[in-house]
Number of protein chains: 2
Amino acid sequence: MSRLTAIYRIRSDARAIDARARSIAVEQSVEMPVDAIDDPAVLADIVGQVEQIVDLGQDVFEVRVGLAVATTGSEPGQLLNMLYGNSSIHDDVTLWDAEFPDDLLHAFPGPNRGLDGLRHRVGAAGRAMTCSALKPQGLPPATLAGIALRLAEGGIDFIKDDHGLADQAYSPFARRVAAVQAALRKSGRKTCYLPSLSGSLDQMVAQVEQARNEGVDFVLLAPMIAGLANFHALVRAYPTMGFMTHPAMAGASRIAPPLLLGKLFRLMGSDATVFPNHGGRFGYAPETCRALAEACRRPYAGRRPSVPVPAGGMTAERIDEMLAFYGPDTMLLIGGGLLQARDRLAEAAAAFTRRVAQAGHD
Amino acid sequence: MSRLTAIYRIRSDARAIDARARSIAVEQSVEMPVDAIDDPAVLADIVGQVEQIVDLGQDVFEVRVGLAVATTGSEPGQLLNMLYGNSSIHDDVTLWDAEFPDDLLHAFPGPNRGLDGLRHRVGAAGRAMTCSALKPQGLPPATLAGIALRLAEGGIDFIKDDHGLADQAYSPFARRVAAVQAALRKSGRKTCYLPSLSGSLDQMVAQVEQARNEGVDFVLLAPMIAGLANFHALVRAYPTMGFMTHPAMAGASRIAPPLLLGKLFRLMGSDATVFPNHGGRFGYAPETCRALAEACRRPYAGRRPSVPVPAGGMTAERIDEMLAFYGPDTMLLIGGGLLQARDRLAEAAAAFTRRVAQAGHD
């Protein structure tokens, strides 16, 4: 009976942890009193098994729970449901990590393009990649296209939609994509534009088709809003398309970011995962960011590496420090920090890309 | 310029709250330095506006932020993104409530069937409705159908799949639905079975079609796993189908349950919303449960009331107390607590339904 392992961190006092660990194992599996179960196969295989409890001190315990792979149906949404569905409502439980056996992993081939695919797409050999964002929302397509042109003239590798750009009246998806793609063609650069997908799976499929017709080969979406199963369905339906993921609604304080934004998003097909860098607008600690980057890049079940994209209030002043922290297998995303240059946006973008290019040869 | 209001509760000291409130208003709207924005329309209409700050004491402040309706594209996923996308990653911010103007509400007609529709479906006039769950997962369709038959013989109004039942090898969706529906026909009761939908929107649509062919007219799903936009797309695509929602992955401690499981799920089309009752396996306070039930039932923009379904470790001993707390416009869900009766399941179910029926005439 093949099992995956869900690893929780549970706040509890030492006397109560054994019972609490068992209750979580039941909550995340059969969700009923075990003494009311007759079926021997269910008792042996389906009921969650507490495999290990480690006291981490300060009333926090790491609890490893074995869950039957069969319960996931090898389906991304149900996998998330089994890992954390009900326990996401338990204040004392954080989903810390998960380990998957090969018979589950085979259902999730991971990124279509991955680190090498992104590097190749923009000709960024042996150096970190650069990224900026089209903002603010509320601007019409032509104005956003003008910003994209100046960012491209500055040599930015990837330009993503602000994750707030969806399919709004002031900037309809199809018109925005057409305008930005036209601007990038005009720039003569290899700059890659990632429009932001939103809505139901049907709406996202229609957006991908519109984008492909405009020559787009990378897109952005927020898996925790789209639904993990819909994200994965898109990745499989468009095997040559690259996907950058956004952490919106990740509620990352309840699911460890290295697991959700790193390992899980990579498994489901994220080529590049945006996350809040330490020392920015969000509360991630440096060790969280390092662990997240490692979850993206370390050898894992033969899956392509995905690219960590530290972001969230980054500025040009932090480029060297970020490169030192993340190394060259990364993508630096500076959005508002570049837009503050206003009329000198292309020059600010050029200074950003020059610094990253130089670091590649330091 | 029409605005919705997002209401946050923010942990902060009094000196810092003004700046923190402004930063959240920017985070949830333009997500860039405001001083880098030239466009007067964006500055006037799109940048989030702090409308009110109320000191709730103990370093908690309630902050009302006005956000442009236009930014939501009247689309459920993007609405959630605007309300809490990035701020879900801020530890100090809880999304507490939201208020929507008519030009946004018109996009979300709410439940297809609602309280009256559920009552009519099972002939439960003037009393609370009863519900139980098919468990544990791991059992084959025939065994689950046998449990359903005994619950129906006991007079249970609604039988839902355990939210862990998806489309697994040991109980494929189509075979499970066929077996349970056959058992319910055999029972001769009005008992209504709600199979659990899972997977991508395409997979859920296929499941709804299979279920409809078996005569199913109510289904269960977890909107925070399916994706709010996909849930709403299903509700609109099947205007005669009823939907019960499950709170899995709701991470409800970061989004106030009365807003997410009550108001938002109702707007998106939840006819009946399952939530953890106070005093069960989960940490909701009685006042949270009361507020959630009110969000389901109070008059709201002419939408049908949805039915609060308190659950999560309920037992027959609590029936009277729950009826006193929630009144008759509710559905009581007892799952494992009935299954503990084992061979006397039908009798236990009958005692449950008899008690609820009597209370209707007390």
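Just so it is clear, the structure is predicted and the values come from calculations on it, not from any experiment.

What counts and what doesn't
- Residues numbered from 1 in each chain as written.
- Chains lettered and ligands numbered in written order.
- Predicted model: local features only at pLDDT ≥ 70, side-chain atom pairs only at ≥ 80, totals over all residues.
- Heavy atoms only, no water.
- Helix = DSSP H or I, 4+ residues; strand = E, 2+ residues; numbered from the N terminus.
- Rg over C-alpha atoms; globule rule 2.2 N^0.38 Å.
- Contact = heavy atoms within 4.5 Å.
- Areas by Shrake-Rupley, 256 points an atom, 1.4 Å probe, with all protein chains shown as cover.
- Lys, Arg positive; Asp, Glu negative; His and termini not counted.
- Charge placed at Lys NZ, Arg CZ, Asp CG, Glu CD.
- Least-squares fit on C-alpha atoms with pLDDT ≥ 70 in both.
- Salt bridge = Lys/Arg side-chain N within 4 Å of Asp/Glu carboxyl O.
- Nonpolar A, V, L, I, M, F, W, Y, C, P; charged D, E, K, R; others polar.
- Buried < 20%, exposed > 50% of the residue type's maximum accessible area, 1.4 Å probe, protein only.
- Pairing = 2+ DSSP bridges.
- Right-handed = clockwise from strand over helix to strand, strands pointing away.
- Axes fitted to C-alpha atoms, helices over the stretch in contact; angles between N-to-C directions.

Chemist: I'm lost on the overall build of chain A in this one. Help?
Modeler: A tally of helices and strands in chain A yields 15 helices and 12 strands. In terms of overall size, chain A behaves like a compact globule, its C-alpha atoms giving a radius of gyration of 22 Å where 362 residues would be expected to give roughly 21 Å. Taken along the three principal axes of its C-alpha coordinates, chain A extends 70 × 40 × 35 Å. Of the contacts made within chain A by residues no fewer than 6 positions apart, 75% connect residues no fewer than 24 positions apart. Working note: accessible area of chain A is about 12100 Å², and carbon and sulfur atoms make up 51% of it. Averaging the coordinates of the 36 positive side-chain charges in chain A and doing the same for the 39 negative ones gives two points 10 Å apart.

Chemist: How should the relation of the copies chain B and chain A be read in this particular structure?
Modeler: Superposing the two chain copies requires a rotation about an axis and a translation along that axis. It takes a turn of 180 degrees to lay chain B on chain A, together with a shift of 0.0 Å along the axis; the resulting RMSD is 0.0 Å. Expressed as a symmetry operation, the mapping of one chain copy onto the other fits a two-fold axis. Across chain B, the rotation axis passes nearest the C-alpha of Gly227(B), at a separation of 2.2 Å.

Chemist: Just to check I follow, could you spell out the interface of chain B and chain A for this structure?
Modeler: Accessible area lost during the coming together of the parts is what is often quoted as the interface size. On the chain A side, the residues contacting the 73 residues of chain B number 73 residues. Connecting chain B to chain A are 4 salt bridges. Looking at the side of chain B that touches chain A, the elements with two or more residues in it are helix H2 (40–46), helix H3 (76–84), helix H8 (201–213), helix H9 (223–226), helix H10 (228–237) and helix H14 (336–339) of chain B. Broken down by element, the side of chain B that touches chain A gets its largest block of residues, 6 residues, from H3(B). Its residues placed into classes, the side of chain B that touches chain A shows 33 nonpolar, 26 polar and 14 charged.

Chemist: Hey, could you run me through the side chain of Ser200(B) in this one?
Modeler: Structurally, the position occupied by Ser200(B) is in the loop between strand S7 (192–194) and H8. Setting aside residues no more than four positions away along its own chain, Ser200(B) makes contact with Leu201(A), Ala229(A), Asn230(A) and Ala233(A).

Chemist: What am I meant to see in unusual backbone geometry here?
Modeler: Leaving glycine aside, a negative phi is the common case for residues, and trans is the common case for peptide bonds. Residue and element names in this part refer to chain A. Each neighbour pair has its own omega, and for lysine 135 with proline 136 the value is -15 degrees, a cis peptide bond. Locating proline 136 in the fold gives a position in the loop between strand S5 (129–134) and helix H6 (141–153). One non-glycine residue with positive phi stands out, namely glutamine 58, at about 50 degrees. If you trace the backbone, glutamine 58 turns up in the loop between strand S2 (49–57) and strand S3 (60–68). Residue classification places glutamine 58 among the exposed positions, given a relative accessible area of 79%.

Chemist: For this particular structure, what's the right way to read the pairing of strand S6 (residues 158–161) of chain B?
Modeler: Walk down a regular strand and you will see the side chains alternate between the two sheet faces. Residues and elements named next belong to chain B. Side chains of S6 alternate between two faces, with Phe158 and Lys160 and Ile159 and Asp161 buried alike. By the bridge criterion, 4 bridges tie strand S5 (residues 129–134) to S6 in an arrangement that is parallel. Along S6, the bridge assignment pairs alanine 133 with lysine 160. Assessed by its sense of winding, the connection that carries the chain from S5 through helix H6 (residues 141–153) to S6 is right-handed. Note that S6 and S7 share 3 bridges and pair parallel. Directly across from lysine 160, in S7, lies its bridge partner leucine 194. Taking the sense of rotation as the criterion, the β-α-β connection linking S6, helix H7 (residues 173–187) and S7 turns out right-handed.

Chemist: Before we go on, may I ask you to explain the pattern of salt bridges in this structure?
Modeler: Pairing between side chains of opposite charge can happen when the charged atoms of each approach one another. In total, this model carries 31 salt bridges over all chains according to the counting rule given. Between Asp97(A) and Lys263(A) there is a salt bridge, and its shortest N-O distance comes to 3.0 Å. Taken as a pair, Asp97(A) in strand S4 (residues 93–99) and Lys263(A) in helix H11 (residues 257–268) lie far apart in primary sequence, 166 residues in all. The exposure class assigned to Asp97(A) is partly exposed, which follows from its relative accessible area of 22%. Arg15(B) serves as the salt-bridge partner of Asp13(B), at 3.6 Å between the closest nitrogen and oxygen. Judged by relative accessible area, which is 76%, Arg15(B) ranks as exposed. Each of Arg113(A), Arg121(A) and Asp217(A) takes part in a single network of salt bridges with overlapping partners.

Chemist: Just to check I follow, could you spell out the sheet that holds strand S8 (residues 218–221) of chain B for this structure?
Modeler: Residue and element names in this part refer to chain B. With parallel pairing, the 4 strands of this open sheet are ordered in space as S8-S9-S10-S11. Pairing within the sheet leaves two strands with one partner each, and these edge strands are S8 and strand S11 (307–311). In this sheet, neighbouring strand axes are inclined to one another by 20 degrees on average, regardless of whether the strands run parallel or antiparallel. One ladder, built from 5 bridges, connects strand S10 (residues 272–276) with S11; its direction is parallel.

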